[in-house]
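An overview of the molecular structure
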Amino acid sequence: KNSWGVSWGDEGYFWISYYDATIKNFAGFSVRSSESYVNNYSYNGSDFSAYYSYSYATAAANVFTSKGLERLTSVATYAIKPGTTVKVSVYTGLAENCTNPTKGTKAAYKEMTLEREGYHTIYLDTPVILQPGEKFSVAIEYSHNDGKVSVAAEIQGYGKYNISSREGETFICANAKYNIWSAASKYNIENVYIQALTECAHSSVTTVLEAQPTCMSTGAVTEICNICGCEANRIELPNGAHEHVEWGEFVHDEESGKEVCCGVCLDCGEEQMKYYSSGTTMVTN
């Protein structure tokens, strides 16, 4: 039953199949745990509500300042329509008052086509190490095989929020063919939807014995990060020696001419032999 009265549809009613998941739009989610992340760098204070468009490839970038020794492992952005190709570049070592987000050391690059529209997390092939207080940028070139591309952004006047941005944070390269960058405010854009997701670099760890190796089992030590408290590394230890052996008395072995002593491991029951000759004692399994 609709709410528009009996003049609409079949006297106010319409038919929909039980197999239809939606009347018009649908959404799907594929998620991973965010527990490993220590920082989510972003300038977005509102939900996605606007975008700007060009009929050629365009690029946008955000410049951030690292809060500590971190590993940049992934970035996030929106695809306004299916089939958007993104070229993600990460630059480190930017100047304090940089006016071009690509004037640094190119530390990572990844290109992929986002088959579906919506919000995407893009995982870098190799993490980027960020030093405390380091200026770094995430620059993304957006393109589409039909020549037209749109970029999600916070634009003053769209939606219900009062939006503003600070100088030196968000940049636009209107035509990606040319590496000419300008402050986003030049295009009446406040912030673009580009995020940087970092994990702890585990620079200081404490080694904890997790399991003592024995002759019957392996052991393990775990390195715990002193900064974030999570497990930074786990090292497997090989089987240990027979620690608890009950030895008998030495007796003379006529065949070998040596003094021999037999013993049994109290942990696994394996028999060992100990003998000495010419003042040297040796142990064999």
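**Observations regarding the overall build of the chain**
Within the chain one finds zero helices and 21 strands. Over its C-alpha atoms the chain spans a radius of gyration of 32 Å, topping by over 25% the 19 Å that the globule rule assigns to 285 residues. Dimensions of the chain along its principal axes, counting C-alpha atoms only, are 110 × 60 × 35 Å. Counting every position in the chain, which comprises 285 residues, the buried fraction comes to 36%. Summed over its atoms, the accessible surface of the chain is roughly 17,700 Å², and 49% of this surface lies on carbon and sulfur atoms. Here the chain contributes 20 positive and 33 negative side-chain charges, whose respective centroids are spaced 18 Å apart.

**Some points on the pattern of salt bridges**
Counting across every chain of the model gives seven salt bridges. Notably, a salt bridge pairs Glu210 with Arg234, separated by 2.7 Å at the nearest N-O pair. Taken as a pair, Glu210 in strand S14 (residues 205–211) and Arg234 in strand S16 (residues 231–237) lie far apart in primary sequence, 24 residues in all. Given the relative accessible area of 43%, Glu210 is considered partly exposed. For Arg234, a relative accessible area of 36% gives the class partly exposed. Members of the salt-bridge network, linked through shared partners, are Glu210, Arg234 and Glu236.

**Some details on the side chain of Gln195**
Mapped onto the fold, Gln195 is located in strand S13 (residues 194–200). Judged by its relative accessible area of 13%, Gln195 falls in the buried class. Of the polar contacts made by the side chain of Gln195, one reaches the side chain of Tyr119; its length is 2.8 Å. Those residues in contact with Gln195 that sit more than four places away from it in its chain are Asn40, Tyr41, Ser42, Ser74, Val75, Ala76 and Tyr119.

What counts and how
- Residues numbered from 1 in each chain as written.
- Predicted model: local features only at pLDDT ≥ 70, side-chain atom pairs only at ≥ 80, totals over all residues.
- Heavy atoms only, no water.
- Helix = DSSP H or I, 4+ residues; strand = E, 2+ residues; numbered from the N terminus.
- Rg over C-alpha atoms; globule rule 2.2 N^0.38 Å.
- Buried < 20%, exposed > 50% of the residue type's maximum accessible area, 1.4 Å probe, protein only.
- Areas by Shrake-Rupley, 256 points an atom, 1.4 Å probe, with all protein chains shown as cover.
- Lys, Arg positive; Asp, Glu negative; His and termini not counted.
- Charge placed at Lys NZ, Arg CZ, Asp CG, Glu CD.
- Salt bridge = Lys/Arg side-chain N within 4 Å of Asp/Glu carboxyl O.
- Polar contact = N/O pair within 3.5 Å; in protein donor to acceptor, adjacent residues only side chain to side chain.
- Contact = heavy atoms within 4.5 Å.

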